[in-house]
Amino acid sequence: QKEVEQNSGPLSVPEGAIASLNCTYSDRVSQSFFWYRQYSGKSPELIMSIYSNGDKEDGRFTAQLNKASQYVSLLIRDSQPSDSATYLCAVKDFNKFYFGSGTKLNVKP
Amino acid sequence: GAVVSQHPSWVICKSGTSVKIECRSLDFQATTMFWYRQFPKQSLMLMATSNEGSKATYEQGVEKDKFLINHASLTLSTLTVTSAHPEDSSFYICSAFPPADRLSYTFGSGTRLTVV
């Protein structure tokens, strides 16, 4: 399986701050990248996808992709306590997804 | 939107018994479904790809005789954990591509299996 690496955290940020989550992947030919949010005991839900180098913004979320460095990140602006969850980075290979182990985010009120 | 229903949401079984988990696409047909397993604080690991009307494709290291997959219809895939042991205790999640979006999965709600 493809390697997808994430810092397990926990990453703690105060409410209203920017949370920065990082992910690296091993396969240079990967083209599709995804961020999922997973609450404890629940299945993942899609936050964003990104396919091209650069930034992609959706509301408070910004995904950043650098294929040369094999690096993808997720920025969460104006973090809210409800954002507290584990964030999974995923790489798509044809029709299969390969996930990182996730970064646990704690947003403190 | 497309919904994938998974049942049961949790199950406790005795060591040596078998457990069946169902995954249904409620409002769309899914010729392919995917089964993942997630141990605590670990990544989702792809176990197998379930194909309607044909044999499942298992990932390397997954025992096909232990994890039986049947995809008998366009809306139902089942995973049977045979002769379960405590080390099989995990969170099992199925997924499928909704028809309008082949880019990302719709996940089932997951099944927490505890083998005692």
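Residues numbered from 1 in each chain as written. Chains lettered and ligands numbered in written order. Predicted model: local features only at pLDDT ≥ 70, side-chain atom pairs only at ≥ 80, totals over all residues. Heavy atoms only, no water.

Caption draft 1: Local environment of the overall build of chain B. For chain B, the count of helices and strands is 0 helices and 11 strands. Secondary structure of chain B in N-to-C order comes out as β-β-β-β-β-β-β-β-β-β-β. For chain B, whose C-alpha radius of gyration is 13 Å, the value lies close to the compact-globule estimate of 13 Å for 116 residues. If you line up chain B on its principal axes, its C-alpha atoms span 40 × 30 × 25 Å. Within chain B, the fraction of its 116 residues that count as buried is 53%. Residue pairs in contact within chain B that sit at least 24 positions apart in sequence constitute 52% of those at least 6 positions apart. Carbon and sulfur atoms form 53% of the exposed surface of chain B, whose accessible area is close to 5700 Å². Each charge sign in chain B was given a centre, from 10 positive and 9 negative side chains, and these centres are 5 Å apart. (Helix = DSSP H or I, 4+ residues; strand = E, 2+ residues; numbered from the N terminus. Rg over C-alpha atoms; globule rule 2.2 N^0.38 Å. Buried < 20%, exposed > 50% of the residue type's maximum accessible area, 1.4 Å probe, protein only. Contact = heavy atoms within 4.5 Å. Areas by Shrake-Rupley, 256 points an atom, 1.4 Å probe, with all protein chains shown as cover. Lys, Arg positive; Asp, Glu negative; His and termini not counted. Charge placed at Lys NZ, Arg CZ, Asp CG, Glu CD.)

Caption draft 2: Expanded view of the interface of chain A and chain B. Listed per partner, the contact involves 19 residues of chain A and 22 residues of chain B. Regarding the contact of chain A and chain B, the summed buried area is about 1600 Å², with carbon and sulfur atoms giving 53% of it. Between the two partners, chain A and chain B, sit 1 salt bridge. Lys96(A) is the partner of Glu59(B) in a salt bridge, and the nearest nitrogen-oxygen pair spans 2.8 Å. Counting across the interface, chain A meets chain B through 8 residue pairs in polar contact (both at pLDDT 80 or more). Listing elements by their share of the side of chain A that touches chain B, those giving two or more residues are β4 (32-38), β9 (85-93) and β10 (96-99) of chain A. Looking at the side of chain A that touches chain B, the element that brings in the most residues is β10(A), giving 4 residues. Along the lines of polarity and charge, the residues of the side of chain A that touches chain B split into 9 nonpolar, 7 polar and 3 charged. (Buried area = accessible area lost by both parts, 1.4 Å probe. Salt bridge = Lys/Arg side-chain N within 4 Å of Asp/Glu carboxyl O. Polar contact = N/O pair within 3.5 Å; in protein donor to acceptor, adjacent residues only side chain to side chain. Nonpolar A, V, L, I, M, F, W, Y, C, P; charged D, E, K, R; others polar.)

Caption draft 3: Focus on the nonpolar core. Of all hydrophobic cores here, the largest spans 25 residues; its most connected members are Trp35(B), Tyr58(B), Phe67(B), Ile69(B), Leu79(B), Tyr92(B) and Leu113(B). Residues in contact with Leu79(B), not counting those within four places in the same chain, are Val19(B), Lys20(B), Ile21(B), Trp35(B), Phe67(B), Leu68(B), Ile69(B) and Tyr92(B). Core analysis: the second largest hydrophobic core is formed by 24 residues, Leu21(A), Ile47(A), Ala63(A) and Tyr98(A) among them. (Core = buried A, V, L, I, M, F, W, Y, C linked by side-chain atoms within 4.5 Å.)

Caption draft 4: Looking closely at the sheet that holds strand β3 (residues 19-25) of chain B. Residue and element names in this part refer to chain B. Read across the sheet, 4 strands follow the order β1-β3-β8-β7 without closing on themselves; strand pairing throughout is antiparallel. In this open sheet, the two edge strands, each paired with only one partner strand, are β1 (4-7) and β7 (67-73). With direction set aside, neighbouring strand axes in the sheet form an average angle of 15 degrees. Sheet topology note: the β7/strand β8 (residues 76-81) ladder contains 5 bridges and is antiparallel. Note on β8: the bridge partner recorded for Leu 68 is Thr 80. (Pairing = 2+ DSSP bridges. Axes fitted to C-alpha atoms, helices over the stretch in contact; angles between N-to-C directions.)

Caption draft 5: Here's a closer look at the packing of aromatic side chains. Tallying each qualifying case throughout the model produces 18 aromatic pairs over all chains. Considering the side-chain rings of Phe97(A) and Tyr105(B), the 4.2 Å spacing of their centres and the 45 degrees angle between planes classify their relative orientation as tilted. Of this pair, Phe97(A) sits in strand β10 while Tyr105(B) is found in the loop between β9 (90-96) and β10 (106-107), placing the two residues in two different chains. Of the two residues, Phe97(A) and Tyr105(B), neither departs from the other in class, the shared state being buried. Site record: aromatic cluster; members linked through ring pairs are Phe34(A), Tyr36(A), Tyr51(A), Phe97(A), Phe99(A), Phe34(B), Tyr36(B), Phe97(B), Tyr105(B) and Phe107(B). (Phe/Tyr/Trp six-rings, centres within 6.5 Å; stacked < 30°, edge-to-face > 60°.)

Honestly, that's just the spatial picture; any functional story needs more than this.
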